[in-house]
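Spelled out from the first residue to the last, the chains are:
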Amino acid sequence: MSAQCLKLICDGEFEIVKITEELYDEAVELFKNYFVKYENLSIACNLRDTEETRSEMEKFIRLLLRDNISFAARHIPSQQMAAMCINKMTNPSANIKPDHIFEILESPNMEKIGEIMHHLETSYDIYKEWQVKCIIELTFLSTRTEFSRRGLALILAEFTVDYGRKLKEEGSKESLELPAYLKGQQPEAITSVFTSHFSQRVGEKLGFVTLFREEYSKFSFEGKTFAEKIDPQHKYIIFAAKHL
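Report on the accompanying structure. Here the structure is a predicted model, which means the values were calculated and not measured. (Residues numbered from 1 in each chain as written. Predicted model: local features only at pLDDT ≥ 70, side-chain atom pairs only at ≥ 80, totals over all residues. Heavy atoms only, no water.)

### Examining the nonpolar core
Then, number 1: With 47 residues, the main nonpolar core has Ile19, Phe31, Leu41, Met84, Phe140, Phe226 and Ile237 as its most contacted residues.
Then, number 2: Of all the secondary-structure elements, those providing two or more residues to this core are α1 (24-38), α2 (40-44), α3 (51-65), β4 (80-90), α5 (108-122), β5 (135-143), β6 (189-194) and β10 (236-243).
Then, number 3: Broken down by element, this core gets its largest block of residues, eight residues, from α1.
Then, number 4: Counting 33 residues, the second largest nonpolar core, distinct from the first, contains Leu156, Phe159, Leu167 and Phe194. (Core = buried A, V, L, I, M, F, W, Y, C linked by side-chain atoms within 4.5 Å. Buried < 20%, exposed > 50% of the residue type's maximum accessible area, 1.4 Å probe, protein only. Helix = DSSP H or I, 4+ residues; strand = E, 2+ residues; numbered from the N terminus.)

Below is the structure:
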């Protein structure tokens, strides 16, 4: 069964769809062949180098998608998944945490990325400082190169923000579609670790507030700093958030 169109965009050339189970394989393919190839942490930690890391990444993505709050832009003429925004929900007070997901990360490459994400996300206690319990984490934004510069990442991120607001409404269609383990969760903010100059611009356009920032020269893997391994236009990585 084809995923339902949630919104037509770009003069009807693309449609936004939810990444449901029948689209998991396409999402994994897009992640492996585009996100990992071009994203800064993936480059710095050599994620494409071994079958072990590729296998871990696939398991990781499939676990994230189970939250049923991730979206894709599908190119209607070709039916290709052109871009995607993978999200997850967390609420430590209700024991809804990503710990079980990160437990599958065993390779040194993926462990390093997990370590950096933990560093960024714990350097500012958003739950305490913003007085929130439940948040959506915008985890991955990725676009096929042939569909770049069309604004798809921005459109999907904005759609996620709007969807998060609808999840706050008790009894809304969106809240009823949450899996059983997330029933009743009402996100109050959306966060993201923006790893590139481009994704940081998306966050700025949507009104995300920078909560913590670290220069890439502070991190290293296998004897080289991240600043030595990635494009120099990307100076730092940031943890940012927006109220819903």
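### With respect to the packing of α1 against α3
Then, number 1: In contact at an axis separation of 10 Å, α1 and α3 are set at 130 degrees when each is read in the N-to-C sense. Accordingly, the angle class assigned to the pair α1 and α3 is oblique. Pair α1 / α3 crosses with right-handed handedness. Across from Tyr24, Asp25, Ala27, Val28, Phe31, Lys32 and Val36 in α1, the residues of α3 making contact are Arg54, Met57, Glu58, Ile61, Arg62 and Leu65.
Then, number 2: Of the residues assigned to the contact of α1 with α3, the class counts are eight nonpolar, no polar and five charged. (Axes fitted to C-alpha atoms, helices over the stretch in contact; angles between N-to-C directions. Parallel < 35°, antiparallel > 145°, perpendicular 65-115°, else oblique. Left-handed = near helix turned anticlockwise from the far one by under 90°. Contact = heavy atoms within 4.5 Å. Nonpolar A, V, L, I, M, F, W, Y, C, P; charged D, E, K, R; others polar.)

### Brief notes about the pairing of strand β3 (residues 71-75)
Then, number 1: Extensive coverage of β3 is indicated by the burial of five of its five residues.
Then, number 2: As defined by bridge partners, strand β2 (residues 14-18) adjoins β3 across five bridges and the pair is classed as antiparallel. By the bridge assignment, Lys18 is partnered in β3 with Phe71.
Then, number 3: Taken together, the five bridges between β3 and β4 define a ladder with antiparallel strand orientation. (Pairing = 2+ DSSP bridges.)

### Brief notes about α3
Then, number 1: Between its first and last C-alpha atoms α3 spans 21 Å; for 15 residues at 1.5 Å apiece the expected length is 21 Å, and the two agree.
Then, number 2: Along α3, the positions that sit buried rather than exposed are Thr53, Glu56, Met57, Phe60, Ile61, Leu64 and Leu65. In an axial view of α3, the angular spread of the buried residues amounts to 165 degrees, which keeps them on one side of the axis. Exposed and oriented more than 90 degrees from the buried face of α3 are Glu51 and Lys59. (Expected span 1.5 Å × (residues − 1). Arc of directions from axis to C-beta.)

### Observations regarding the environment of Ala180
Then, number 1: When you line up the elements, Ala180 lands in the loop between α8 (173-176) and β6.
Then, number 2: Here Ala180 falls in the exposed class, since its relative accessible area comes to 69%.
Then, number 3: In the structure, Ala180 is positioned 53 residues away from Tyr127 in sequence and 23 Å away in space, judged by C-alpha atoms.

### Considerations on the sheet that holds β3
Then, number 1: Here we have eight strands laid out as an open sheet, ordered β1-β2-β3-β4-β5-β6-β10-β7, and mixed in their pairing. Whereas interior strands pair on both sides, the edge strands pair on one side only; in this sheet they are β1 (5-9) and β7 (209-215). On average, each strand axis in the sheet is inclined to that of its neighbour by 20 degrees, with strand direction left out of account.
Then, number 2: Looking at chain direction, β1 and β2 are connected through four bridges and run antiparallel. Looking at the pairing, Leu8 lines up with Glu15 of β2.
Then, number 3: Contacts from α1 reach β4 and β5 within the one sheet, and its direction differs from that of β5 by about 65 degrees.

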